[in-house]
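What follows is each chain in one-letter form.
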Amino acid sequence: MITIHHLGVSQSDRIVWLMEELGLPYNIKFYHRKVEDNTAPDEYLALHPAATSPIIEDGELTLCESNAIVEYLCHKYGNGRLVIPHTDENYADYLYWMQFNSNTLTVFMAELALKESATLNSAVQKILLRRREGYYQHINNHLSKNQYLAGNSFSCADIMSVFALTTLPLFGGRTVDDLPHVKRYLADIGARPAYIKAMKIAWPNI
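Remember, predicted model here, so these are calculated numbers, not experimental data. As a convention, each chain's residues are numbered from 1 in the sequence order in which they are written. Only residues with pLDDT of at least 70 get local features here, since the model is predicted, and only at 80 or more are side-chain atom pairs given and counted; chain-wide, interface and lining totals rely on the full set of residues. Only hydrogens and water are set aside when side-chain values are computed; all heavy atoms of the structure are taken into account.

Enquirer: Is there a simple way to explain the environment of Thr104 in this structure?
Expert: Going along the chain from the N terminus, every DSSP run of H or I of four or more residues is numbered as a helix, and every run of E of two or more is numbered as a strand. One can find Thr104 in helix 5 (residues 100-116). Contacts of Thr104, omitting those with residues within four sequence positions, involve Tyr135, Tyr136, Ala164 and Leu168. Residues are treated as being in contact if the distance between any of their heavy atoms lies within 4.5 Å.

Structure, rendered in structure tokens:
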């Protein structure tokens, strides 16, 4: 039985969603962030040396990093479902969009760090803005021609990317209000039964 160590309002939402899409059984252990600074509690930090979210346990194995977790679960327990094989014409898109969340999150964290810097570097700001807008305009253009990120089949690329489009704006990240194809995409995602169920589990007080 897989145990998901679920830190509230974090990227572990996607692992709950993945398990619901695959129809696999799992246990979930909730961890509440510290009231004073909104960081993970000490018991969560002790689970893994990297101390990042998400984290799962499978017997003696403790695994973190979303990309690793979704590939592990899909291949070991999901019979390869939601993974695009290398023989598929959309395989390159699958690989690319599996990285979208990490790319946008990196830019977001860099922008936060720059805002806190005593000396703002306008050249760096321009680079970050260009990259951020490039990522978001690209996904909007891509979704104008595709139902999902790896063509017309829902996949792990979608599970990996949605966090940056839905949850990151809650922390000051870029919104998608001006991206009509992304909005259509999120409406499709939001109507999926597994997504609806997973968000009720992962966000029980909302």
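Enquirer: It is not clear to me how the packing of aromatic side chains should be interpreted in this structure. Could you clarify?
Expert: The description of an aromatic ring pair rests on the distance of the ring centres and on the angle between the ring planes. Centres within 6.5 Å make a pair out of two Phe, Tyr or Trp rings, where for Trp the six-membered ring is used; the pair is then stacked when the planes are under 30 degrees apart, edge-to-face when over 60, and tilted otherwise. Scanning the entire structure with this criterion turns up 8 aromatic pairs. Look at Tyr31 and Tyr44: their rings are 5.1 Å apart centre to centre, the planes differ by 75°, and that puts the pair in the edge-to-face class. Linking Tyr31 in strand 2 (residues 26-31) with Tyr44 in helix 2 (residues 42-45), this pair joins segments that are 13 residues apart in sequence. Type-normalised accessible area, obtained with a 1.4 Å probe on protein chains alone, sets the label of each residue: buried when under 20%, exposed when over 50%, and partly exposed for intermediate values. By relative accessible area, Tyr31 is classed as buried at 3%.

Enquirer: Mind showing me how you'd approach unusual backbone geometry here?
Expert: Apart from glycine, the bulk of residues carry a negative phi angle, and the bulk of peptide bonds sit in the trans form. Omega for the bond connecting Ser53 with Pro54 falls within 30 degrees of zero, at 10°, which places this linkage in the cis form. Among the structural elements, Pro54 can be located in the loop between helix 2 and strand 3 (55-58). Positive phi, normally seen in glycine, also occurs at Glu65, with a value near 80°. Tracing the backbone shows Glu65 in the loop between strand 4 (61-64) and helix 3 (66-76). One non-glycine residue, Leu82, lies in positive phi territory at about 70°. Within the secondary structure layout, Leu82 lies in the loop between helix 3 and helix 4 (91-97). For Leu82, a relative accessible area of 18% puts it in the buried group.

Enquirer: What's the story with the pairing of strand 1 (residues 2-7) in this structure? I'm lost.
Expert: In regular strands, side chains alternate between the two faces of the sheet. Burial within strand 1 is extensive, with 6 of its 6 residues counted as buried. Judged by which residues are buried, strand 1 turns out to be covered on both faces: Ile2, Ile4 and His6 on one side and Thr3, His5 and Leu7 on the other are all buried. Two strands qualify as a pair provided that DSSP identifies no fewer than 2 bridges between them. Bridging between strand 1 and strand 2 involves 6 bridges; their strand directions are parallel. From the neighbouring strand, Ile4 faces strand 2, where its bridge partner is Ile28. Where the polypeptide runs from strand 1 across helix 1 (residues 13-22) and back to strand 2, its parallel neighbour, the crossover connection is right-handed. Alignment of strand 1 against strand 3, held across 3 bridges, turns out to be antiparallel. For His5, the partnering residue across the bridge sits in strand 3 and is Ile55. Orient the strands so they point away from the viewer; a crossover is then right-handed if the path from the first strand over the helix to the second runs clockwise.

Enquirer: Whenever I open this one, the pairing of strand 4 confuses me. Can you help?
Expert: The pairing of strand 3 with strand 4 spans 4 bridges and is classified as antiparallel. Bridge assignment links Ile55 to a residue of strand 4, and that residue is Cys64. Counted between consecutive antiparallel strands, the loop separating strand 3 from strand 4 contains 2 residues, among which Gly59 sits at a positive phi close to 65°.

Enquirer: What should I look at first to understand the pattern of salt bridges in this one?
Expert: Charged atoms that come close allow side chains of opposite charge to pair. What counts as a salt bridge is simple: a side-chain nitrogen of Lys or Arg found within 4 Å of a carboxyl oxygen of Asp or Glu. For the structure on display, the rule yields 8 salt bridges. Residue Glu21 is joined to Arg192 by a salt bridge in which the shortest nitrogen-to-oxygen separation is 2.8 Å. You can see Glu21 sitting in helix 1 and its partner Arg192 sitting in the loop between helix 8 (180-190) and helix 9 (193-202), a full 171 residues away along the chain. Judged by relative accessible area, which is 16%, Glu21 ranks as buried. Here Lys34 and Asp42 are joined by a salt bridge, their closest N and O atoms 3.2 Å apart. By sharing partners, the salt bridges in this structure join Arg132, Glu133, Arg174 and Asp178 into a single network.

Enquirer: What exactly am I supposed to notice about the packing of helix 1 against helix 7 (residues 156-166) here?
Expert: The packing of two helices is summarised by the inter-axis angle and the distance between the axes. Where helix 1 meets helix 7, the closest approach of the two axes is 10 Å, and the angle between their N-to-C directions is 150°. In terms of orientation, helix 1 lies roughly antiparallel with respect to helix 7. Taken as a pair, helix 1 and helix 7 cross one another with a handedness that is right-handed. Residues Arg14, Trp17, Leu18 and Glu21 of helix 1 form the contact with helix 7, whose own contacting residues are Cys156, Asp158, Ile159, Met160, Val162 and Phe163. Three categories are distinguished: nonpolar for Ala, Val, Leu, Ile, Met, Phe, Trp, Tyr, Cys and Pro, charged for Asp, Glu, Lys and Arg, and polar for the others, with Gly belonging to the last. Its residues placed into classes, the contact of helix 1 with helix 7 shows 7 nonpolar, no polar and 3 charged. Angular values range over 0 to 180 degrees, each being the angle between N-to-C directions of two axes fitted as lines to C-alpha atoms, with helices fitted over their stretch in contact. Working rule for angles: under 35 degrees goes down as roughly parallel, over 145 as roughly antiparallel, 65 to 115 as roughly perpendicular, anything else as oblique. Definitions for this section: a left-handed crossing has its near helix turned counterclockwise from the far helix by less than a right angle. A right-handed crossing has that turn clockwise.

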